[in-house]
Structure formats: structure tokens, C-alpha cells
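Examination of the molecular architecture
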Amino acid sequence: MSTQSLSSLLSRASIDDHEEVLRSCDAVLAKSRSDSQAQHVKVVALLKLDRYEDCLRVFEESGDNLKKKAALEYGYVLYKTGNPEAAIDVVSSLADNRGARHLEAQATYRAERFRRTAELYQGLARDSAPSANEENDLRINNWATDAQLQWKGYPESVRHTRPTRDDLEAFETVYNAACLSIAKGEFDQAGLLLKRAKELCRTSEDLTPEDRAAELLPIAVQQLYVLICQGKSEEAESILQEISVKEISELSTKRIGQNNAAIARGTTANPYTLYKALHEVPDSTNNDKLFDFQYNAMTGNLHAVDLLVHKYDGIIRSTSKALARAPYPSTESSANLLSVYNVAAQAKGETGAPALKAILSAVDTRPKDIGLVLTAVQLYVNLGNTTAAIVTLEKSLQLLDESVSEQDKEIRFNPGLLSVLIALYKREGRKTQIRAELAKAAAFWKEQGTQPASLLRAAGASLLHSSLASDSAQAAELFKSLYEKTSDDLFAVAGYVASHAAIDHSQVEAQAKYLPSVDDLISDVDVAALEAVGVSPSSSTTAAAAAAIAGARKRPAPSHGRVVKRVRKSRLPKDYDPSKTADPERWLPLRDRSTYRPRGRKGKQRAAERTQGGVVTEKSEETTPSGQQQQKPQGGGSSQKKKKKGKR
């Protein structure tokens, strides 16, 4: 049979056994290595058999023609072999291919580009009516993306709030909704959702017993984490009995399960046992790797247990080596976490002021290391020295401000870093500095492509309280920008109205109608109850009531027209008697009082010398007008010598 006829037969054949398809392709390629159709069929068969490394090898050996012809398959094998960035580059060029967009969404999710993932899933749900299976997958993946956005620090991009009735029908959706609640810190809600997910998984008819057991393990691991966070040790112990870490197939889930189980068992009483437990599971690879927030938590736990077993030198070596490869300065939590554990190892278990000494020495060496600086700030705050914490943070920010690097400038005005500085300013009541910092940050981010909305909102609200015309103008500009981007945000609408009403009220009359009235805002406030518990009346109190309150608090003026100053009892002497007249000379020095009588011969002699008209002696003539004794100049040849000290 010729190669062409075999290839034609292969294209028309329908074979369910992928091994048989693979053997047929190898037979064709043995006669014609350049048969592109046989190569295409072979890579599909290898993908069906989950032989991703072999499939990637075929693509690399076959050249660019196969990569272009089977671009979707090539992107998929790149994704499955742990190269999501390359997979994104391949499939993003495939226009009008719904499968390629699904694959791109999966790859961007694995690459932790969750904003792009959310855009892709929104587009897939909007472009055309998905099938029943696709709709269920989109719902599950949308919830997973929102949970990752919350963990990544983009809460403004999260679209889901509470699961709907349809969401509660599948255990995968309920599980992802529970993950979102965990990311928000809503552990009570997460606990209820995880119980629901476990119940749905146990009663699912679509799962085999093996699949059911595999799906229940991650739910139990997540339940264990929630119970640990809630401090419910007894319930955590019961969940712990359901978890068999050895049976977990995914290495990432296995590491998390081993970590949570070790902590729940309370092995911290013996740090060496905990050290062994946390190092038992090997690192995961390819698509089974931990996400950044998971990896940072696990790395922190490993370094913490290294500190417990006094592996200081090992921590210093490993973290110093990693810091040398990390960007400096950086706001990435992974890099800053390394700095924290590096300096903790240098402190060798010390806390408080002794640890601060080692940390400040490290800060002098790396003054723009955010992890080190924040550690020093935290220790200063713990010691009650907020001023020193502010000075330490301001020095580092000044260095970043003076830098010509754009990266340093972006770190200088990082919203998280600024929030620390503003929190410190609030502790000392520095309102002017708060307003100045927010104004500078808003001016910087205004020129950038991506702008942190939370920082701009805080800056606009702070500038609204300023009496300076320049600050009011900047607040109006900020809220105008926020309103144009998110016109349905009531905060942005309120700020836009408040900042423009003083300039031209007619411009904001339409927007002001969308704001809730004062009556609606205070409809559920019991004013009488607030006053009964001691809340002072508001500024809207009527003039008559204000006058009555002011009159009740005033003291009547004295009848003789002269205000008598009251003296606190704490400033009066213990033997004070108001019936006795105070000594008028009590403010004079003792020797200047009329009642003063010197004692002894020397005292009487000094008193006589101070008396006008007294006998003048030679000794008194040598006294200067200021009362000080003149010193005789002593030259090098003076005959006067000091007596030697010694026994008499």
C-alpha cells in the first residue's frame, strides 16, 4: 500500500483505541517522515493518551509546519507541560476559535493572569449561547477565577457575591464559592458551603467511587484549613480522620494537606517532628505547582520551622542566594518574605529591642528592601515607638523618591506601602502629612496606564476636607475621572457631586438625584437611644436646644465682676490651711527673707559681709563685683605646688 493511500485510509478510519491509532501513524511515518497528516493524527493520539512529553518531542522534531497546522494541539501540549506563557502566545493568534479561547483562559489562569482570564470567560459567555456542558464549565471556572482574583489582591474585579440557586446544584461550583469566601476571610460562610459541597459530591451519580474519593479529599483539606482558622480544634480532629495524605494524587494538594494536617495535630510542641512532617512531600512540577499565595505560605512555614530547629546558617545561605536573584527593590511578597526570614535568622531567635538592632543593621545595608523596612517598622510599633517607625519608613521612601528608575517610583507610591505610612500618621494625628502623601500618590498614578481605584478614592476623600483651593481642584479632578470610569459607583458619584457643587452646582444636579436622601440614610437610626447611651447631639440640633445646653454648661459670672482663679487641690501643699494668711515672702530665697537668721560663726561672718555699712576685710576686697573670687594667674615657674596625696 502506498503512503498516500494509507494516509487517505487513516483519515477516513474511526478507531477508538488510541494505541492502535498511534501504531498506524508510526507505520505511515516509517515510510514518509514528512507526512503532515500522519504527524497531526499522531500528536492527537499522544494527547489522548496523556503522553505530553512525547507529544512535545514530535512537534519539535516535525518543525514549524506541524506547529502551524496543529496550533491548537501545540498550544495545549505546551500548557500541559508547564509552559503556559508559550501556550498563550500560540493560541492567542487563533482568531474565531472558541476552543482556542477556552485554552487561552486555562493558560492565563495557570500563569496567574487572572484579569485576562476573567475577560476571556466573560467573552465566551456573552458571544453565543453555550451548550449545557459548556455553561456548567463556564460557571465553575468563573467562580474559580473570582477566588483567585480575591487572593491575588484584586477585589474590585470580583463579580460574584453570593451563589445563586443554580450555583448550589454542582459541588464544583459550591467548592469554588467556598474558596472565594475563604479568600475574603468569611470562614463561617465557607464552612457552610464546604459542607454543602461534600454532601453534593457524596450523592453525585456521575462519579465513580474512585473519582468520588478523589474529589472529597480536597474538600476535606479545605475544611480542615477553615476549622483551624476558626480555632475549632475538636471538629478539626474529626475532619483529620477523613484525610489520608498518601492517597492524594495531586502533589500540590498533597503538600497543602500535609501542611494543614501537621499543624492541626499540634506537632509544634516538638519542632523536630513538625520539621520532618513538612519536608516529607516533594515539590510539585508543571501544572501541578502551587500558586504564588500558596507557595509563599508554604515557604514561610518551612522557614519558620527551620528557625524553630535553629537552622540559622542554612536559612541565611539559602535566602541570601535567592535574594541575589530577586529584583531589588520589589513589592513581590515572595522576595520580601525571603528578606524577613533572612534577618530573623540573623537575629538568632531574639525579639524586641535586641532583634531590632540586627534588623536596623541589615536595613543600612539594603535601605530599599521593603521586607526589611516593614519588619523594622513592625518592631518599632510593637515597642510603642511610632515616631521611629515613621522615620524609618520615610527614609526608605525618600530614597525611592530620589531614584531615576521608573520601577522605584512605582514602588514608592505602591498602595499597600502607602497604607502603612498613612496608618502610622493616623496614630500620631498627622492629618497634613496624610493629605500630602495621598495628593502626591494621586498625581503619580494619574500619569500611569493602570490606576489603583482604591488609592484614588482615598486621595479624593482626603483632599475634599482641605481648605486649600489647589486641593479642592485636585479632588474634583480625581472624582471626575472616577465617575467617568464607574458611573454606577455611589462613592464616585457622591465625591463628584461634593467636589463640583461648590464650583458649579448646576453641573451636578442630575447626579445628585441618584444619591440617597438624608432621611433614607438615617431612617434606621434611633437618635433617642444614642443619646441615652451617651452620644453627644449632632450639629443639626436646633438653636433653642443648643442654647439651653450651652446655658446649662456655663458657670455664672461672679457678682463682684472679678474672676477668681481656682487652684487644683493637687497643686496645694499637704499642710495648706485656707484660714491662715500665706507668708508674703514665700517666693523669696531663704537667705533674703526678714526672718532669716544665720547659724554658726561662718554664717554670721557671711551675713555681715553682705550687710551695707559693715566692716570691710582684705578678703572681701579681693571679691569681684559679681561675688566671685579672683583667680591669680599661674605661670610655668610658679613656686606654689600642690601637696602630694597620700597617708598623713
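Located above this text is the structure these notes cover.
All values derive from a computational prediction rather than experimental measurement.

1. Observations regarding the overall build of the chain
- Secondary structure summary: the chain contains 34 helices and zero strands in total.
- Accessible surface, the chain as shown: approximately 41,200 Å² in total, 51% of it carbon and sulfur.

2. Focus on the packing of helix α20 (residues 352–365) against helix α21 (residues 370–382)
- It is the contact of α20 with α21, at a shortest axis distance of 10 Å, that shows an interaxial angle of 155°. As far as their axial angle goes, α21 and α20 are roughly antiparallel. Crossing hand, α20 versus α21: left-handed. Each of Gly352, Ala355, Leu356, Ile359, Leu360, Ala362 and Val363 in α20 lies in contact with α21, whose residues at this interface are Leu372, Val373, Thr375, Ala376, Leu379 and Tyr380.

3. A word on the pattern of salt bridges
- All chains considered together, the criterion is met by 24 salt bridges.
- One salt bridge in this structure joins glutamate 112 and lysine 152, with 3.2 Å as the shortest N-O distance. Of this pair, glutamate 112 sits in the loop between α8 (98–110) and α9 (114–127) while lysine 152 is found in helix α10 (residues 132–152), placing the two residues 40 residues apart along the sequence.
- When its relative accessible area of 15% is taken as the criterion, glutamate 112 is described as buried.
- Members of the salt-bridge network, linked through shared partners, are Asp401, Lys409, Arg412, Glu437 and Lys440.

4. So, helix α18 (residues 312–325)
- Between its terminal C-alpha atoms α18 stretches 20 Å, which fits the 20 Å expected from 14 residues at 1.5 Å a residue.
- All of the buried residues along α18 are Tyr312, Ile315, Thr319, Ala322 and Leu323. End-on, the buried residues of α18 take up no more than an arc of 110°, which puts them together on one face. Away from its buried face by more than 90 degrees, α18 exposes Arg317, Lys321, Ala324 and Arg325.

5. Description of unusual backbone geometry
- Note that the residue after tyrosine 328, namely proline 329, is joined by a cis bond; omega there is -5°.
- Backbone geometry at glutamate 112 places phi at a positive 65°, although glycine is not the residue there.
- At histidine 310, a position not held by glycine, the phi torsion is positive, near 65°.
- Mapped onto the secondary structure, histidine 310 falls in the loop between α17 (292–308) and α18.

6. Points about the packing of helix α3 (residues 36–48) against helix α6 (residues 71–80)
- Direction vectors running N to C along α3 and α6 enclose 35°, while the axes themselves pass 11 Å from each other. Crossing handedness for the pair α3 and α6: left-handed. Between α3, through His40, Val44 and Leu47, and α6, the contact on the second element is made entirely by Glu73, Tyr76 and Val77.
- Across the contact of α3 with α6, the residue classes break down as four nonpolar, one polar and one charged.

7. Overview of the side chain of threonine 117
- Within the secondary structure, threonine 117 is located in helix α9.
- Of note is the side chain of threonine 117, whose polar atom sits 2.8 Å from the side chain of threonine 108.
- There is a polar contact of 3.1 Å between the side chain of threonine 117 and the backbone oxygen of arginine 113.

8. A short note on the environment of alanine 125
- Here alanine 125 is to be found in helix α9.
- Exposure remark for alanine 125: the relative accessible area of 43% places this residue in the partly exposed category.
- Residues alanine 125 and arginine 139, 14 residues apart in the sequence, show an inter-C-alpha distance of 9.2 Å.

9. Some details on a negative patch on the surface
- Residues Glu210, Asp211, Glu215 and Glu250 make up a contiguous surface patch of negative charge.
- Its location among the elements puts glutamate 210 in helix α13 (residues 209–230).
- Here glutamate 210 falls in the exposed class, since its relative accessible area comes to 58%.

10. Quick notes on the nonpolar core
- Counting residues in each nonpolar core, the largest one holds 43 residues, and the members touching the most others are Ile359, Val363, Val377, Leu393, Leu397, Leu424 and Leu478.
- Per element, the largest residue contribution to this core is seven residues, and it comes from α21.
- If we ignore the near neighbours within four places in the chain, the residues touching isoleucine 359 are Val343, Leu372, Thr375, Ala376 and Leu379.

11. Thoughts on the environment of aspartate 17
- Checked against the element boundaries, aspartate 17 lands in the loop between α1 (3–12) and α2 (18–31).
- By relative accessible area, which is 38% here, aspartate 17 ends up partly exposed.
- Between the C-alpha atom of aspartate 17 and that of leucine 49, which follows or precedes it by 32 residues, the distance is 9.9 Å.

12. Here's the deal with α2
- Given a rise of 1.5 Å per residue, 14 residues ought to cover 20 Å, and the 21 Å separating the end C-alpha atoms of α2 matches this to within 8%.
- All of the buried residues in α2 are Val21, Leu22, Cys25, Val28 and Leu29. Along α2, the residues classed as buried sweep out an arc of 125° about the axis, all on the same side. Turned more than 90 degrees away from the buried face of α2, the exposed residues are Arg23, Ala30 and Lys31.

13. A short note on a nonpolar patch on the surface
- Together, Val518, Leu521, Ile522, Val525, Val527, Leu530 and Val533 make up an exposed nonpolar region whose accessible area comes to about 650 Å².
- When residues of the nonpolar patch are traced back to their parent elements, those giving at least two are α30 (518–521) and α31 (527–532).
- Here leucine 530 lies in helix α31.
- Here leucine 530 falls in the partly exposed class, since its relative accessible area comes to 38%.

14. Points about the side chain of aspartate 146
- If you trace the backbone, aspartate 146 turns up in helix α10.
- At 3.3 Å, the side chain of aspartate 146 and the backbone nitrogen of arginine 159 are in polar contact.
- If near-sequence neighbours (up to four positions away) are discounted, aspartate 146 is found in contact with Ser157, Val158, Arg159, His160 and Leu180.

15. Section: the packing of aromatic side chains
- In the structure shown here, the tally under the stated rule is nine aromatic pairs.
- The interplanar angle of 45° and the centroid separation of 6.3 Å between the aromatic rings of tyrosine 76 and tyrosine 79 together place this pair among those described as tilted. Here the residue tyrosine 76 and the residue tyrosine 79 both occupy positions in helix α6, the gap between them amounting to three residues, near one helical turn.
- Given the relative accessible area of 30%, tyrosine 76 is considered partly exposed.

16. Topic: the environment of serine 36
- By the element assignment, serine 36 lies in helix α3.
- Take serine 36: its relative accessible area is 34%, and that puts it in the partly exposed class.
- Placed 29 residues apart in sequence, serine 36 and asparagine 65 show a C-alpha to C-alpha distance of 7.9 Å.
- Once residues within four sequence positions are removed from consideration, serine 36 is found in contact with Leu66 and Lys69.

How each quantity is defined
- Along each chain, the written sequence defines residue order, and numbers are assigned to residues from 1.
- In keeping with the model being predicted, local features are shown solely for residues with a pLDDT of at least 70 and side-chain atom pairs are shown and tallied solely at 80 or more, while totals for entire chains, interfaces and linings include all residues.
- As a rule here, side-chain values come from all non-hydrogen atoms in the structure, and water together with hydrogens is ignored.
- Comment: elements are numbered from the N terminus, with helices defined as DSSP H or I runs of at least four residues and strands as E runs of at least two.
- The method behind every accessible area is Shrake-Rupley, applied with a 1.4 Å probe, and residues are considered shielded solely by the protein chains displayed.
- Note on geometry: axes are C-alpha line fits, over the in-contact stretch for helices, and angles between N-to-C directions span 0 to 180 degrees.
- Our angle categories are set so that under 35 degrees counts as roughly parallel, over 145 as roughly antiparallel, 65 to 115 as roughly perpendicular, and the remainder as oblique.
- Crossing handedness is defined as follows: a turn of the near helix away from the far one that is anticlockwise and smaller than a right angle gives a left-handed crossing, while the clockwise case is right-handed.
- Contacts are assigned to residue pairs with any non-hydrogen atoms lying within 4.5 Å of each other.
- The term salt bridge refers to a side-chain nitrogen of Lys or Arg lying within 4 Å of a carboxyl oxygen of Asp or Glu.
- Only protein chains enter the accessibility calculation, which uses a 1.4 Å probe. A residue is then buried if its area is under 20% of the maximum for its type, exposed if over 50%, and partly exposed in between.
- One less than the number of residues in a helix, times 1.5 Å, gives the span that helix is expected to have.
- The arc in question is the one spanned by the directions pointing from the helix axis to the C-beta atoms.
- Under this grouping Gly is polar, as are all residues other than the nonpolar Ala, Val, Leu, Ile, Met, Phe, Trp, Tyr, Cys and Pro and the charged Asp, Glu, Lys and Arg.
- For the purposes of these results, a polar contact is taken to be a pair of N or O atoms within 3.5 Å, where, inside protein, one atom must be able to donate a hydrogen and its partner to accept one; residues adjacent in sequence count only when each atom of the pair is a side-chain atom.
- By definition, no residue in a patch forms a salt bridge, and every one has over 30% relative accessible area; like charges are joined within 9 Å, nonpolar side chains (Val, Leu, Ile, Met, Phe, Trp, Tyr) within 5 Å.
- In this count, Lys and Arg are taken as positive residues and Asp and Glu as negative ones, while His and the chain termini are left out.
- A charged residue contributes its charge at one atom only: NZ of Lys, CZ of Arg, CG of Asp or CD of Glu.
- Here, nonpolar core refers to any group of buried Ala, Val, Leu, Ile, Met, Phe, Trp, Tyr and Cys residues whose side-chain atoms link them within 4.5 Å.
- By convention, a stacked pair of Phe, Tyr or Trp rings (six-membered ring in the case of Trp) has centres within 6.5 Å and planes under 30 degrees apart, an edge-to-face pair has planes over 60 apart, and any other such pair is tilted.

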